[in-house]
Amino acid sequence: MASKFWTQGGSDTEEESSDYDSENDDLTQTDDPAQTAGNRYLTVNASDSDDSDTQKRVVRSAKDKRFEEMLVTVDQMKNAMKINDWVSLQESFDKINKQLEKVMRVMESDKAPTVYIKALVMLEDFLAEAMANKDAKKKMSSSNAKALNSMKQKLKKNNKQYEEVINKYREHPESEEEAEDEEEEEEETDDSEIEDPTKLDISDQEGVSEADEPDDQESGWMRQMTKKDNLLAKQFRDPKAATWEKVNKWFKEIVAARGRKGTGRYEQVEQLAFLSQVAKTPAQKVEILFSVISAQFDVNPGLSGHMPVSVWKKCVQNMLVVLDILMQYPNILVNDSVEPDENESEKGLEYTGTIRIWGNLVAFIERVDIEFFKSLQCIDPHTREYVERLRDEALFLVLAQNVQDYLEQTGDFSAASKVALRRVELIYYKPQEVYDAMRKFTEQSEDNGEEGEESKVPEEGRAPTMFIVTPELVPRRPTFPENSRTLMDRLVSLIYKHGDERTKARAMLCDIYHHALFDEFSTSRDLLLMSHLQENVQLMDISTQILFNRAMAQLGLCAFRVGLIAECHGCLSELYSGGRVKELLAQGISQSRYHEKTLEQERLERRRQMPYHMYINLELLEAVHLICAMLLEVPNMVANTNDVKHKIISKNFCRLLEISERQTFTGLPENVRDHVMAATRALTKGDHESAFNIIKSLDTWKLLKNKDSVLEMLRANIKEEALRTYLFTYSSSYDSLSLDELTKMFDLSEVQVHSLVSKMMVNEELHASWDQPTRSIIFHEVEHTRLQALAFQFTEKLSILTDSNERAIEARIGGGGLELPMRRRENQDYAGATGGAGRWAEGGTAFNQGRQGTSEGRSGYGGGRASGMGQGGGYLRDRAGQARGAGGYSSQVSRVSHMDGLGRMISLNRGVRV
Amino acid sequence: MAQYDLTPRIAPNLDRHLVFPLLEFLQERQLYPDEEILNSKIELLSKTNMVDYAMDIHKSLYHTEDVPQDMVERRAEVVARLKSLEEAALPLVTFLQNPNSVQELRADKHYNLQMLNDRYQIGPQQIEALYQYAKFQFECGNYSGAADYLYQYRALCTNSERSLSALWGKLAAEILMQNWDAALEELNRLKEIINSKNFASPLNQLQSRIWLMHWTLFIFFNNDNGRTQIIDLFNEDKYLNTIQTSAPHLLRYLSTAFIVNKRRRTQFKEFIKVIQQEQHSYKDPITEFLACVFVNYDFDGAQKKMKECEEVILSDPFLGKRVEERGISTVPFRDEFLENARLFIFETYCRIHRRIEMGVVVEKLNLDHEEAERWVVSLIRGSKLDAKIDLDSGTILMEPNHPNVYEQLIDHTKTLSGRTYKLVSQVMEHAQTLATR
C-alpha cells in the first residue's frame, strides 16, 4: 500500500515514464526519497527558514509527513460527509488548502497532488448531490446550511484553478488502484469470469494510451469509460467474435444492477451506451438504447432537480438514433402492452416478420419534455445559461416531430396526438416574432449543426465496435412552416381528432391562447365557449387549470387590444378577485399574510411554476385590468351614487379606490395602481385629457405590439366614458345642453355623442330627450315630493324585510322554491373565501374541499333554477339585458349552458355586493 | 348585388334538387352570366338522374343539337336501372295500388309485415326495393311518385335510420312540388325526430339542424304564417346556437322575419344582442340596419342601409319572390319590409326626442311631406304614438312620458304579497310535516 502513496506523490512525469510494477516500486522506495529529499531540502531551506529545524531533523519524511497530514484531512472530510456535517467539512477544506500549499512547496511542483484533486472531485460530487437534494437541504440546521452555501462558493472558486486537472481526473479516475473501489471490483470479479491478469493488462494498456495522448480531451469513447466498460471493451475487442448471447447477457446483467446500491448512475449509462455500440441486431440495439435512455433519466434522482443538460442532450440523440433504426426497419414494433419474447431481439437483419420490443416512445418524449421544462424552471432566467438552454428547444422539437411522424406512420394516432400536444405546448405562447426568431435560429444553426455532426461522424467511425450502423434517416433539423398558426392548426386538429379528453382540453386551451395572442378575439372566445372549458376546468388537474388561467389572461389582453373593454374585464376580473394572480398564473410564489404555507405546499407550488420566458407580463395585465375596471366602474359609480344597492362591477377596483381616497396626501403616481387611481380621479371630474395622459405615461405600454392603435382606442374609450360620467354627475345642474357644446368638451364627433347620449336615454340611465330643432338635450328631472320619497324608502325596506324573511325561513326549513338567492350566496361565500379561481391553490386537501364546494354549490344552483325558475330565470334575463356587464360575454354556442356560466360569474360579483 | 348573394353558402346545405329553384331565380335576376349558371346546372344534374333535362341545358348552353356521348350512355344506364328497380319493387307497388288490399293494412306495423309476408310473399327485400325505387324516382325528378312511395315505405319500414332518410326525401319532394302544407307537416315530424333522437354524435345532430333550417326557408317564406314560425323555430335556443356556430348567414332571414313581424317583440331585444355579437362573423345590410337602429342609434346610417336592404331583398331567392298580378310584377315582401323598417326608425327616433321637425321626418322616412304627415297622423290616431303635430312651427311634439310615481310604487310592492304568501304557505307546510311526524 505504501507504494501507492509514492506513486501518487510522484509527479506525473514519473508515472509516464515508469510502469509501476512491484519491483519498480521497490526501487523507487529505495532510490527516490534520497534523491528528491535532498533537492527539496535545499529549496525548502532557501525559501522557508522557520521550518528548517524540523526539516533538518526528519529529512526523509518531509514529503511523507505533508502527505500524511493531507490524507488525515481527507479522511476527516470523508467522515464529515458521511454525517453530512458541513461545518466540519468546511474546516477540513480550509485545512487541506493550507496543507496543499505546504505540499506544493515541499514538492516543488506546480501541480496539485492527486490526493488533493481526488478530494476536490469527491467534494464537488457530494456538494452537487447535496444541492440537488433539496429536501435534505431544508432539513439542515441553519449553521449547517450556511456552511453548505459558503462551501459551495469556496469550492467553485477554488476548483477553477484546478479545472483542467479535475476534468482529467474525472475522465479516468481509476488510473490508479483505489481502495474505495474495492466493492465494485469485487462485484466485477463475481460477475465476470475474467481473471486478474486481464485486469492488469487493461490497466497497462490504459496507462500506455494515456501516455500517448494525454491532452486529448475528446479522445473518444474508450477514454471516457470506466474500468468496467473497458472490461467490456476488452471482451468485445474483436467485435466480430461477440455474439448476440454475449451481448444480451451483459445487457441483462447491467440492467439488473440498476437501482442497486453501489451502481453508479453515470457508469451504468456509459456501460449501456457501449453495449449499444456492439449490439448485434437492430432490435437489440433498440432494446439497449431504450435502457440507455431510461438510465439517463435515472441520472437525476429526486423530483425537484433537473437532469444535467449534457445528459439530456445525449438522451435526445439516443432517441433520434432509436428512431433511425425504427425507420430503417419498419418491422420492429415498439409496444409496452405486451411482454415480448425473451429472445425477440435475436432476430437479425434478415428476419422480416414483426419484432416486438418493449418500450414506450411517448413516455420517453414526455419525460424528455418534463426534464427540459424542469431545467428551465431551475436555471436562473437572467443568466446566459438560460438562453443557451432555451436554444435546446429546437432539439426537442425535432425529436418530437420525428416521433410524431413515426407514430403517425405506424398508425398510432392517439400516441401521436400526445406528442403533438407537447409540441403545441412549446409553441402556443410564442408570438409570431418569437416564432420567427426560433425558426431563423434553427435555420442559421444549420451550418453549425452540420459541422457538429461531421465531428461526430469520425468519432463514431472510430468506435471500432459500432456494429449496427444506422444512417441518419430522420431529419435532424426541425422544419417550421412560415406561420406559427399553420403549425398550430395542423397539430391541434390532429389532437382534436385523436386525443383523449385531457389532451384535447389542453390543446384547446393552447389554441385559445394562441388565437388570443394573434388578436383574434372572437375566434378564441368562440373556442372557449364551444368547448365548455370554463365549466369543467375545476375538475381538471392543476397544471391544466393554470393553463386555463393563462389562456383567460391572454384572452383578456387580446380583448383589450381589440378594444372590447367589457369583455376584457369579464376575462380578467376573476383572476384578480382573490389577489393571487401570481399564484394563479404560476408566475412566482405569492406570500400570503394570513396563511402560512407548509414546506410541502411550497414545494408543490414551485414545481408548478412557469419558466420565465413564458410569463405573461403581470404589470401589463394589472394595468389592463384596472383600466378596464375604471372605464366600466366610474360611470357606474357616478350613476348610482344615491342607490344603496347599486351593482358594483369590479370589487377589486372599488377597494383600491377606497384605499386611495383614504390617503390624506396623494403623491405622484409611482406604480400601475397609482396611475390608474390618478386617472380615475380625473375621469370622475370628466377630465378626459388628463386621465388619458396619466394612463399614457405608464411604461408598460411599450410591451404592446400595436401600442399606438391601442392607445388611440383607449383615448376614445376614455372620452366616451368621461362624457357619460359627466352627464351622470352634472345632469341635475343643467336644464339643457347643446350637442355642439358636448362635442367640443369631449372632442368627439357629433355622431358619437348623439349615439352615446341616445343609448343612455333608451336605457333610461339619463332622464332626458333630444330637442331636434335646437340640437340640444333637454333634461327632465323629476323631483319627488317628500311623501313620495318616503314612500319609496318604505317600499324598499319592505322588500328587504321580505328578503330576510325568506332567508330566515330557508335557513330553518331549507329547500323550497325560494332558496335561490341564498344558495347563490353560499356559492359566492365559498368563492370569496378561497379567492375566486384560486380554489386549487391550497394544495391537496383544500383543493378537494374546494372541489366539493363547487359541485355542491353548483348542484344547489341547478336545483334552485329548476324549481324557482320564475325568479332565477328572470334574474338572469335581467342581467343579460344589461348592455354593459359581463353580458357581452354571453351566449355563443350553447346559450343555455353559457347562461349557467354567466350566472356563476355574476354570482361571484354579487357575493361582493350582498 | 352579387356580394350579398347567399346561394353559395346556402346550397351546400340543400339537396341537389332544392338548389334548382335558387339557380332559376338567379338566372332570372341575372346576377351572374347565363353560361355560369347553366354550367353549374349541368354540374348539378350530373349526379342526379335527370339526364334529359341536362341534355336540354347542354343544348341551350352550347347552342348545338349534339349531346355528349357520356350523357347518352348515362341515360341508357338510368333507364335500365329504373327498369330493374321497378321490377324489384313491383309486387309491393301493385299491392299498394290496389285499394282493397291496402285496406287490409292496420296501424300495427308488425302485423302488417307479417301479413304481407304471409299472404303476398312480400318480404324485407321488396320493402327495401320500394325505398330504392322511390329514391330513384326522386332522382329522376318524379317527385310526386317519390313522395307517395316514401310515404308508403315509412309505414312499413322498421329501420329508423332508413325511416329518417325517407322523411328527408319526402320533405324534399313536397317542397319541390310546392305542397307547403304537407311540407310543413313533414317538417314538424322531422324536427321532433331530430330533437328527440339520440344521434350518434352531436356533430351529426348539428348538421341535421342546419339542413333543416335551410330547407325550411322554402316553406316559411311561401307560407302565410311562415314568418312567425320561422322566428319560433330559429329562435329556439338550440337552433339559434346552431345558427351562431355554423350558419350565421341565416341571421338574414331571421332578422327579416323579426322586422316584418310585429308580434315577437319580446324576443327581439335578445335577438339584437345576438346580431351585435355575430357582427364579426356575418353581416349584411339587413343585420346592419338593425344594428344601426338599435345599437348605435345612427339614424342616418339606418336610412342608408334601408336602401341597400331593398336591393338585397330583391336579389334574394327567398325574400324577393315576385308576384305577378295582372301583368305587374311586385315583390310584396319588399313593401312590407320597408314599411316596417320605417316604423322601426321612427319609433326609436321618437323615443329619444321631444321635438322633431317635420322636415327631418320626411327625410328620414323617405316619404314626401304630405305622405309623412298622413303617416304620422295615422300613427297618432292609432295611439301608437303619444304626440302632437304643431303645424305652426312644423314640428312634432312628443308627450314626455315619465314613469308615474304611483305606478312605480305599485310595481315595487306588487311582488311582495305573493312572496309573503308563499312564505306563509311554506311555514304552514313545514309545521304540518312536523306535526305528522
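What comes next is a walk through the structure. Computed from a predicted model, the values in this text were never measured in an experiment. (Residues numbered from 1 in each chain as written. Chains lettered and ligands numbered in written order. Predicted model: local features only at pLDDT ≥ 70, side-chain atom pairs only at ≥ 80, totals over all residues. Heavy atoms only, no water.)

**Description of the overall build of chain A**
So, point 1. Within chain A, the regular secondary structure consists of 43 helices and five strands.
So, point 2. Expressed as a percentage of its 914 residues, the buried residues of chain A come to 49%.
So, point 3. For chain A, contacts bridging at least 24 residues in sequence account for 70% of all contacts bridging at least 6. (Helix = DSSP H or I, 4+ residues; strand = E, 2+ residues; numbered from the N terminus. Buried < 20%, exposed > 50% of the residue type's maximum accessible area, 1.4 Å probe, protein only. Contact = heavy atoms within 4.5 Å.)

**Some points on the sheet that holds strand β5 (residues 776-779) of chain A**
So, point 1. Read across the open sheet, the six strands follow the order β3(A)-β5(A)-β4(A)-β3(B)-β5(B)-β4(B); overall the sheet is mixed. A strand with exactly one partner marks an edge of an open sheet, and here the two such strands are β3 (736-738) of chain A together with β4 (387-390) of chain B. The mean inter-strand angle of the sheet, taken between neighbouring strand axes irrespective of direction, is 20°.
So, point 2. Strand contacts of helix α21 (residues 369-381) of chain B: β4 and β5 (395-398) of chain B, with the helix running at about 145° to β4(B), the strand carrying the most contacts. (Pairing = 2+ DSSP bridges. Axes fitted to C-alpha atoms, helices over the stretch in contact; angles between N-to-C directions.)

**A look at helix α34 (residues 672-684) of chain A**
Residues and elements named next belong to chain A.
So, point 1. Taking 1.5 Å per residue, 13 residues should reach 18 Å; α34 reaches 18 Å between its end C-alpha atoms and fits that length.
So, point 2. Residues of α34 that are buried include every one of Val672, His675, Val676, Met677, Ala678, Ala679, Thr680, Ala682 and Leu683, and no others.
So, point 3. For α34, the secondary structure elements touched by its buried residues are α32 (618-639), α33 (651-662), α35 (688-696) and α36 (707-730).
So, point 4. Looking one or two residues past α34, glycine 686 carries a phi angle of roughly 80°, positive in sign. (Expected span 1.5 Å × (residues − 1).)

**Some thoughts on the packing of helix α26 (residues 521-531) of chain A against helix α28 (residues 542-561) of chain A**
Residue and element names in this part refer to chain A.
So, point 1. For the pair α26 and α28, the least separation of the axes is 10 Å and the interaxial angle reads 150°. α28 is crossed by α26, and the crossing has left-handed handedness. Along its contact with α26, which presents Phe521, Ser524, Arg525 and Leu528, the element α28 presents Phe548, Met552, Leu555, Cys558 and Ala559. (Left-handed = near helix turned anticlockwise from the far one by under 90°.)

**So, the interface of chain A and chain B**
So, point 1. With 47 residues of chain A at the contact, the number on the chain B side is 40 residues.
So, point 2. When the two sides are added together, the surface that chain A and chain B hide from each other amounts to roughly 4000 Å², 59% of it contributed by carbon and sulfur.
So, point 3. Counting every contact that joins chain A to chain B gives four salt bridges.
So, point 4. When the shortest N-O distance is used, the salt bridge between Arg419(B) and Asp803(A) registers 2.3 Å.
So, point 5. At the boundary of chain A with chain B, the tally comes to nine residue pairs in polar contact (both at pLDDT 80 or more).
So, point 6. Contributions of two or more residues to the side of chain A that touches chain B are made by α26, α38 (750-762), β4 (768-771), α39 (786-813), α42 (869-881) and α43 (895-913) of chain A.
So, point 7. The element best represented in the side of chain A that touches chain B is α39(A), accounting for 12 residues.
So, point 8. Alignment of β4(A) against strand β3 (residues 353-357) of chain B, held across two bridges, turns out to be parallel. Its bridge partner lying in β3(B), Trp770(A) is registered against His353(B). (Buried area = accessible area lost by both parts, 1.4 Å probe. Salt bridge = Lys/Arg side-chain N within 4 Å of Asp/Glu carboxyl O. Polar contact = N/O pair within 3.5 Å; in protein donor to acceptor, adjacent residues only side chain to side chain.)

**Notes on the packing of helix α19 (residues 361-378) of chain A against helix α20 (residues 384-391) of chain A**
Residues and elements named next belong to chain A.
So, point 1. At a minimum axis separation of 10 Å, α19 and α20 run at an interaxial angle of 160°. In this view, α19 runs roughly antiparallel relative to α20, as classed from their interaxial angle. Read as a crossing pair, α19 and α20 show a hand that is left-handed. Between α19 and α20, the contacting residues are Glu371, Phe372, Ser375 and Leu376 on the first element and Tyr386, Arg389 and Leu390 on the second.
So, point 2. Its residues placed into classes, the contact of α19 with α20 shows four nonpolar, one polar and two charged. (Parallel < 35°, antiparallel > 145°, perpendicular 65-115°, else oblique. Nonpolar A, V, L, I, M, F, W, Y, C, P; charged D, E, K, R; others polar.)

**Some words on the pattern of salt bridges**
All names here are of chain A.
So, point 1. Applying the stated criterion to the full structure yields 42 salt bridges over all chains.
So, point 2. Across the pair arginine 384 and glutamate 388 runs a salt bridge whose closest N-O atoms are separated by 3.3 Å. Of the two residues, arginine 384 and glutamate 388 are both situated in helix α20; the distance of four residues between them amounts to about one turn of the helix.
So, point 3. For arginine 384, a relative accessible area of 55% puts it in the exposed group.
So, point 4. What makes glutamate 388 partly exposed here is its relative accessible area of 36%.

**Quick look at the nonpolar core**
So, point 1. Among the nonpolar cores identified, the biggest contains 307 residues, and Phe560(A), Trp701(A), Leu714(A), Tyr253(B), Phe289(B) and Phe346(B) are the most heavily contacted of them.
So, point 2. Residue contributions to this core peak at 14 residues, all from α32(A).
So, point 3. Residues contacting Phe289(B), with those up to four places away along its chain left out, are Ile259(B), Ala302(B), Lys305(B), Met306(B), Cys309(B), Ala341(B) and Ile345(B).
So, point 4. Phe67(A), Val103(A), Phe126(A) and Leu155(A) belong to the second largest nonpolar core, which has 30 residues in total. (Core = buried A, V, L, I, M, F, W, Y, C linked by side-chain atoms within 4.5 Å.)

**Looking at the pairing of β5(A)**
Residue and element names in this part refer to chain A.
So, point 1. The two faces of β5 match: Ser776 and Ile778 on one face and Ile777 and Phe779 on the other face are all buried.
So, point 2. As paired elements, β4 and β5 share four bridges and run antiparallel to each other. Note on β5: the bridge partner recorded for tryptophan 770 is isoleucine 777.
So, point 3. Between β4 and β5, which pair antiparallel one after the other, the connecting turn spans four residues, and arginine 775 there sits at a positive phi close to 50°.

**Concerning unusual backbone geometry**
Residues and elements named next belong to chain A.
So, point 1. Phi is positive for aspartate 519, close to 65°, though the residue is something other than glycine.
So, point 2. When its relative accessible area of 26% is taken as the criterion, aspartate 519 is described as partly exposed.
So, point 3. At aspartate 747, a position not held by glycine, the phi torsion is positive, near 55°.
So, point 4. Structurally, aspartate 747 is set in the loop between α37 (739-746) and α38.

**Side note on the packing of aromatic side chains**
Residues and elements named next belong to chain B.
So, point 1. Counting across every chain of the model gives 26 aromatic pairs over all chains.
So, point 2. With a centroid separation of 4.9 Å and an interplanar angle of 75°, the aromatic rings of tryptophan 168 and tryptophan 215 are classed as edge-to-face. Of this pair, tryptophan 168 sits in helix α10 (residues 160-176) while tryptophan 215 sits in helix α12 (residues 202-220), placing them 47 residues apart in sequence. Each member of the pair, tryptophan 168 as well as tryptophan 215, is classed as buried.
So, point 3. Ring centres 5.1 Å apart and planes at 85° place the aromatic pair phenylalanine 268 and phenylalanine 294 in the edge-to-face group. With phenylalanine 268 in helix α16 (residues 265-278) and phenylalanine 294 in helix α17 (residues 285-296), this residue pair connects regions lying 26 residues apart in the sequence.
So, point 4. Phenylalanine 294 sits in the partly exposed class, given a relative accessible area of 21%.
So, point 5. Taken together, the aromatic side chains of Phe218, Phe221, Tyr253, Phe318 and Phe333 make up a single cluster linked through ring pairs. (Phe/Tyr/Trp six-rings, centres within 6.5 Å; stacked < 30°, edge-to-face > 60°.)

**Considering the pairing of strand β2 (residues 355-358) of chain A**
Residue and element names in this part refer to chain A.
So, point 1. The two faces of β2 differ: Ile355 and Ile357 on one face are buried, but Arg356 and Trp358 on the other face are not.
So, point 2. Inspection of the sheet shows strand β1 (residues 332-335) paired to β2 by four bridges, in the parallel sense. Among the inter-strand pairings, leucine 333 is bridged to a residue of β2, identified as arginine 356.

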